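Descriptive analysis of the structure
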Amino acid sequence: MDDQPKKMEIIWAPWRMAYIKPNDSETNETDKITEKDSLNQKELSILPGGEKDCFLCQAAADCSEHDGERFVIGRTERTISVLNRYPYNNGHLLVAPKRHIARLDLLTPEEWLELSEELTFWTTRIERIMNSDGFNVGLNLGRVAGAGLPGHLHWHIVPRWNGDTNFFTTIGSTKAIPQSLEALWSVLKR
């Protein structure tokens, strides 16, 4: 008998938005998550100290005309906010410093302030737009702590709703995401 916990599977089901938000014009979006070939082949001027293979560094270095393709929803002088491509819940996003750093003690006071302001801004905006009932906001420091990108600090904002854990997630280890990233990006950027 295998004692390993079952990995959570994600099902993209953007057609379900019609049941959640009737008459929503974004329910006809496709659920494809692909980057344009131009983004993959484009030479970026990664910021000093950045990593060319880090998706956050790539997003920070790219011009804002490609924000939709990279799912960047916010930029400040020192931070970048992007939708999580592998969300736990609809609206799951990442807030990160633009600098590629892995330790909290390397953040400047200005970066701390902007990160705090962005975390507050996005939780407030998501609550207002998506009617969330609460949030999980967190940071994984190091691979052993669960960081999928341990070299670049980033905070997760995961919107939560009453009843968003049900038999599907509990018994089937499967989660349905009812909105495509493209549709979500459009809603949050408005």
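A brief structural summary. Worth saying up front: this structure is predicted, and the values here are computed from it rather than measured.

Some details on the overall build of the chain
Counting its secondary structure elements, the chain contains seven helices and seven strands. The order of α-helices and β-strands along the chain, N terminus first, is β-α-α-α-α-β-β-β-α-β-β-α-β-α. When the 190 residues of the chain are sorted by exposure, 42% land in the buried category. Taking the contacts inside the chain whose residues are at least 6 apart along the sequence as the reference set, 63% of them involve residues at least 24 apart. Counting every atom, the chain has about 11,100 Å² of accessible surface; 52% of that belongs to carbon and sulfur.

A closer look at the nonpolar core
Counting residues in each nonpolar core, the largest one holds 19 residues, and the members touching the most others are Ile73, Leu83, Leu93, Val95, Trp122, Ile157 and Leu188. Every element with two or more residues in this core is listed here: strand S4 (93-97), helix H5 (109-130), strand S6 (155-160) and helix H7 (181-189). It is H5 that contributes the most residues to this core, five residues altogether. Ignoring sequence-local partners within four residues, the contact set of Ile73 consists of Ser81, Val82, Leu83, Leu93, Trp122, Trp185, Leu188 and Lys189. In terms of nonpolar packing, the next biggest core, distinct from the first, is built from 11 residues, Leu56, Ala60, Val72 and Leu94 among them.

About the criteria used
Residues numbered from 1 in each chain as written. Predicted model: local features only at pLDDT ≥ 70, side-chain atom pairs only at ≥ 80, totals over all residues. Heavy atoms only, no water. Helix = DSSP H or I, 4+ residues; strand = E, 2+ residues; numbered from the N terminus. Buried < 20%, exposed > 50% of the residue type's maximum accessible area, 1.4 Å probe, protein only. Contact = heavy atoms within 4.5 Å. Areas by Shrake-Rupley, 256 points an atom, 1.4 Å probe, with all protein chains shown as cover. Core = buried A, V, L, I, M, F, W, Y, C linked by side-chain atoms within 4.5 Å.

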